[in-house]
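Chains, contacts and geometry: an overview
The primary structure of each chain is shown beneath.
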Amino acid sequence: MGSTPRHISAFLSILLILLMLLCPSLAEDPAFELGNETTTHLHFFFHDIVTGPNPTAVRIAQASVTNNSPAAFGALVMMDDLLTEGPDSGSKLLGRAQGVYGLASRDEPGHLLVAMTLAFVDGEYNGSTLAVLGRNSVLSAVREMPVVGGSGRFRLARGYALAKTHELDVATGNAVVEYDVYVMHHYHVSQ
């Protein structure tokens, strides 16, 4: 019984020595350097095309109750939507919104659960991503969703995305959504 504290003490001493030896090497590794924190505002248009010859959002699954639900509850859609500088789909391509959204309300239409990556392909953010996860109530004038992470220039991003429907074709379901994204992130010059 008296030997247990010695074993714990020896284990903790070894663990402390290992941490002291490993931590300096982690601090020298550029992959672990965070750089300065900055705030960025991004503005773009999101094109969700669900019908036509080249849809960018397609239903990939649905529940047995989806077709009888007033809100299409249980439908799951995969998207690869354009992010452009202006509201016209032919304007400058900034990136793509890739991910899924599910119709998450049994009774109220337009409540989505969104999990998407905003993957940028232009300018200083080329190759960087932002992760957005949250509720999007598409019938509201302005929707707020959390930004929960990022990569590249947006390493350790946190913030929020505001979405406003710019254009909606009720007959087809195709939509153009204006986004304003505000993120705090670490920026390292040598990236």
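Residues numbered from 1 in each chain as written. Predicted model: local features only at pLDDT ≥ 70, side-chain atom pairs only at ≥ 80, totals over all residues. Heavy atoms only, no water.

**Description of the nonpolar core**
Considering soluble globular proteins, one finds that nonpolar side chains tend to be buried as a cluster. Residues Phe44, Met116, Leu118, Phe120, Leu130, Tyr179 and Val181 are the most contacted members of the largest nonpolar core, which totals 32 residues. Elements that contribute at least two residues to this core include exactly β1 (36–48), β3 (76–84), β4 (93–103), β5 (111–120), β6 (129–137), β7 (143–151), β8 (155–168) and β9 (175–187). The contact partners of Leu130, leaving out residues within four places of it in the chain, are Leu42, Met116, Thr117, Leu118, Phe120, Val147, Gly149, Gly150, Phe154, Ala157, Val181 and Val183. (Core = buried A, V, L, I, M, F, W, Y, C linked by side-chain atoms within 4.5 Å. Buried < 20%, exposed > 50% of the residue type's maximum accessible area, 1.4 Å probe, protein only. Helix = DSSP H or I, 4+ residues; strand = E, 2+ residues; numbered from the N terminus. Contact = heavy atoms within 4.5 Å.)

**Comments concerning the packing of aromatic side chains**
One pass over the full model with this rule turns up six aromatic pairs. With a centroid separation of 5.5 Å and an interplanar angle of 10°, the aromatic rings of Phe44 and Tyr179 are classed as stacked. Here Phe44 is found in strand β1, whereas its partner Tyr179 is found in strand β9, with 135 residues between them in sequence. Here Phe46 and Tyr179 contribute two aromatic rings whose centre-to-centre distance is 5.4 Å and whose plane-to-plane angle is 40°, an arrangement assigned as tilted. Remark: Tyr179 occurs in strand β9 and Phe46 occurs in strand β1; sequence separation between them is 133 residues. Tyr179 matches Phe46 in its accessibility class, with the two residues each being buried. Of the aromatic side chains, those joined through ring pairs into one cluster are Phe44, Phe46, Phe120, Tyr125, Phe154 and Tyr179. (Phe/Tyr/Trp six-rings, centres within 6.5 Å; stacked < 30°, edge-to-face > 60°.)

**Overview of the pattern of salt bridges**
Taken as a whole and judged by the stated rule, the model has three salt bridges. In this structure, the salt-bridge partner of Asp80 is Arg96, at a minimum N-O distance of 2.7 Å. One end of the pair, Asp80, is in strand β3; the other, Arg96, is in strand β4, and 16 residues separate them in sequence. For Arg96, a relative accessible area of 25% translates into the label partly exposed. Taking the shortest distance from any N to any O, the salt bridge between Lys92 and Asp122 comes out at 3.1 Å. One end of the pair, Lys92, is in the loop between β3 and β4; the other, Asp122, is in the loop between β5 and β6, and 30 residues separate them in sequence. What makes Lys92 partly exposed here is its relative accessible area of 42%. (Salt bridge = Lys/Arg side-chain N within 4 Å of Asp/Glu carboxyl O.)

Functional significance is not addressed by these values, which are geometric in nature.
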